[in-house]
Each structure stands twice: as structure tokens, then as C-alpha cells.
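For reference, the chains in residue letters:
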Amino acid sequence: MKLLARVVLVACLILTLAAPALSQDDVVLRIMHWSPSMSSESEWWNAVLDGFLEMRPGVTIENNFVPFPQYLPTLESMIAGEELPDVFFGHVKAAELGRGSLSVNYSEVMDEEFLSQFYEGPTRQFTFDGQVYAIPWTAQMFGIFVNPAIMDELGLEPAETWDDLIAMAPTINDAGYIPVAWGNSAMNVCPDFVLPIITQFGGDVWALDDLSDPDVSWDSEPVVQALALLQDLAMNNVFMPGINGVSEAQGAQIFYQGRSAMFYGGSWYPGIIINEAPEELAANYYVAKNPALTADDIHWSGNGSGEGWVTKANSDNTELALELVNYLMSPEIYSQHITETQNMPSMEAGLEFVENEIVREMTSWLTTDGANHILFGQGSWDGISGVCASILDGSITPEDGAAEIQANVLAARAR
């Protein structure tokens, strides 16, 4: 195989696995993430961290796992209290932290050979004004997970278009099933769902997030059309009733329990389905691309990376923290990460270690069907997530929703 190139850090920050042990004096490195596979109960992750500590005597690592629904509020509190961890997932705050010089600009401390190895979507997710503020630990892609037993029972195939999906909804509902399960209680899944639809209608989500071009605005036709399609899907009972009160995990459980024909989710779910779904479903489910506007259109879906390592800047621990990131992205450790988790790799060289055929299939969509679905601009995420939930419960029209997003984003940036 072609080994992943190591990160090259300036100021003599290169760390090789053969480096001699260096002594540290009671240094505590704090890391924070939302990945259950990297909790304190994870044997492989503990072994990875212990491997770093063997090379850095005197260092202690505080491994802080925060469940995803609580992660962003926790991170926001840390930002406000000026208590950022040393290495952490940046969530939607990556751009804000980087532009505020609170986190390291990796393009200044890593070589181009390394940075160019990542898939474009994950790299683009954390690049702002040419500056890279997070290193993608994984990639992600969304799709429709299908229960073949239900679909075969009803004589149905996965929808090629959104109109097809709406048309089959009565058949599925009349049989006592939910067409497509997912949950939006944390208001994070609906943007994942609708932002790629804006791309389907010709919108530029990157430009909308940036909102610096006077010819681009949230109250534009592609946004209105995407919200109108979301409204149609909700009104035609494609989703479950009360979806804003259903958590993402509950939506998955509805699919596992055989109560829905399909499930909308990301590429991390194959690893979860193996452990949580009944054996028959886990052995027979498959994945389909998101529907498109027409059968000949691109099946745009959210790609990129949510799990990006950010390093706190201007700290006594910054150099050591960068060494930890370097170590985590080394060939030996990164291959172990992908082998153990079967997550979608953020770079092509990691694909060799993916055994799950569904993850491999979804990885192949990254460069053909990938669209932006995570927003970093000030006010963008709150603006779209709130309106998205209102569209789902029918409390706002698409036109008013698009106008509200634009107004809220402008208000947030005027503060």
C-alpha cells in the first residue's frame, strides 16, 4: 500500500514513532470529542493514547467524551470561559476559532503533501480564506438505508426522485410503516437533509454560508425551492409525525425495530447497525443514494467531515498538542483507527482498511455526489436549523422561512 504521508510540522515539531522518549513535567493534555468509539471504555483508543504517552513520559491525557447532543453547548461554554481543550473536535466553531486566532492554522505548520491527501470535501469543510483550521479525522456521506424485507413486501424500490418518494409514501403508510425515519430534536439532522437540496436546485451553500457576495442571499429562489420540497415531503407523511420531538438515536431505533421502510443517516451508521440492529436487518439492509430532482440529475448529498481535530493556539501545550495530532494521523495509528471503527476515512489511503462494503460504497460517492451540509459562518447554522424545524412542523412558509434565515444571519453578524 502507499503509506499515508506524515504531517510535517515547522519549528521542529515532527514526531516519528521511533523518536526517543522525551521527559515532560506534569503536563496534562486535554482532548475532547463526541465519538463513543473513543470513550474511556474503548480498548483500542486507550492503547493509542498509551502509545503516545510512552514517548512522552510525564504527560497525562485527559480524554473527554461528550455525547453529540451536549457537545456544542459544552464547546460554546468553554469558548466563553476561555477554557478550550488542547485538541478537540471543532464542530461548527472551527472557522470562528481559527479566524479569532484561538486555534492553530494547520496550513502554516503542515506540509502541502500531507494536506493534499485528504478527499476534497473533508478538506474544504475546514478551509477558510485558504487557511486550514481543522484536520479531518473521518469523512462522511449521507444516504438512505433500506429495510429490504419491508420494501419487498410492498413491491417497492428505493426512490430515484423526490416525486417518486412522495408517490410511494401512501403505500408505506397504509401498511403501517413510516417511509423514512430520522429525528430532529437536536435540530442538527434537518440542515444535513435540506442543505444538499439547495445544491440540487442550483444554490451555492458555500457562498450562502460566507454571505459576502451581494448577489447571494438566503432569501433566494434555490433556498425557497429546497424548503418547499422539505415542506412537501413533511405534508405528504414521508417522515414520522412529531419529528422535531424525535432524537436521531430514536429515529435509528425505529428503523432497527422494523417500523420504517427506510432511514436517513450518515456513513457512520453501518458500524452502529452491526451492533444495535437485529441480526437479520444487519445482514440484509443496503444503502441508496438520496433522491434527485429528476432521474438524470446528480443525487447531491452531504459530504465532508464533522470530526475535525482543532488545536488550541498560543498555549504552553500547543507544540505538544500538535505532536499528538501528528501521531494520530501517522500511518500506523490512522490505519488502526479505520480498522477498529470502520468509519469512512478522510483520505484515500485509509480506504484499504475499510472492510464494510456499505461504507466503501458511500465513500465512492464523496467525489461525485458530495455537497456542503455543515455551516461555519456566524449565525448560519442557527438560522437554518431553526427555520428547518419550523418547516417540518408547518409553522412557517418556505418564503417566510428563507427571509427569516437571511434576517437572522445578518442580525447575528451585526452584533
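In what follows, the accompanying structure is described. (Residues numbered from 1 in each chain as written. Predicted model: local features only at pLDDT ≥ 70, side-chain atom pairs only at ≥ 80, totals over all residues. Heavy atoms only, no water.)

## Focus: the state of the cysteines
Under the convention used in this document: Any pair of cysteine sulfurs within 2.5 Å is marked as a disulfide. Strands are runs of DSSP state E lasting at least 2 residues, helices are runs of H or I lasting at least 4, and numbering of each runs from the N terminus. Only protein chains enter the accessibility calculation, which uses a 1.4 Å probe. A residue is then buried if its area is under 20% of the maximum for its type, exposed if over 50%, and partly exposed in between.
Tallied over the entire structure, the rule returns 1 disulfide. Note that C190 is cross-linked by a disulfide to C388, the S-S spacing being 1.9 Å. Of note, the bridge from C190 to C388 carries an S-S torsion of about -70° and is left-handed in sense. Taken together, the positions of C190 in helix α8 (residues 189–200) and C388 in helix α18 (residues 380–393) put the pair 198 residues apart, joining distant regions of the chain. Comparing C190 with C388, the two get one shared label, buried.

## A closer look at unusual backbone geometry
Positive phi outside glycine occurs at H91, with the angle close to 50°. Take H91: its relative accessible area is 10%, and that puts it in the buried class.

## Topic: the packing of aromatic side chains
To keep it simple, the criterion reads: When the centres of two rings from Phe, Tyr and Trp lie within 6.5 Å, Trp using its six-membered ring, the rings pair. Their planes under 30 degrees apart give stacked, over 60 give edge-to-face, and anything left gives tilted. Throughout this description, the term charge over a ring refers to an Arg CZ or Lys NZ atom that lies within 6 Å of the ring centre and within 35 degrees of the ring normal.
As enumerated under the stated definition, the model contains 28 aromatic pairs in all. Here the basic side chain of R124 rests over the ring of W206, its NZ or CZ set 3.9 Å away from the ring centre.

## Details of the pairing of strand β1 (residues 27–33)
It is a general feature of regular strands that their side chains alternate between the two faces of the sheet. Heads up, the condition is: Here, strands pair whenever DSSP counts at least two bridges between them. Here a crossover is taken to be right-handed if, once the strands point away from the viewer, the path from the first strand over the helix to the second is traced clockwise.
The element β1 is extensively covered by neighbouring structure, given that 5 of its 7 residues are classed as buried. In this sheet, strand β2 (residues 59–65) lies alongside β1 in parallel orientation, the contact comprising 7 bridges. Across the sheet, the residue bridging to V28 is T60, located in β2. Considered for its hand, the β-α-β crossover made up of β1, helix α1 (residues 43–55) and β2 is right-handed. Relative to strand β3 (residues 87–89), β1 runs parallel, the two being bridged by 2 bridges. Looking at the pairing, M32 lines up with F88 of β3.

## Details of helix α11 (residues 248–256)
For clarity, the cut-off: In what follows, a contact means two residues having at least one pair of non-hydrogen atoms within 4.5 Å.
Those residues of α11 that fall on the buried side of the exposure criterion are G251, A252, I254, F255 and Y256. Buried positions along α11 lie against β7 (140–146), β8 (178–181), β9 (260–266), α12 (269–276) and α13 (279–284). Looking one or two places after α11, you find G258, whose phi comes out positive at around 75°.

## Considering the pattern of salt bridges
We count it as follows: Here, a salt bridge means any side-chain nitrogen of Lys or Arg that lies within 4 Å of a carboxyl oxygen of Asp or Glu.
Tallied over the full model, the rule gives 6 salt bridges. Residues E62 and R30 are paired through a salt bridge, measuring 3.6 Å at the closest nitrogen-oxygen approach. Note that E62 is positioned in strand β2 and R30 in strand β1, a separation of 32 residues in sequence. Exposure remark for E62: the relative accessible area of 38% places this residue in the partly exposed category. Where K93 meets E96, a salt bridge forms, and the shortest distance between an N and an O atom there is 3.4 Å.

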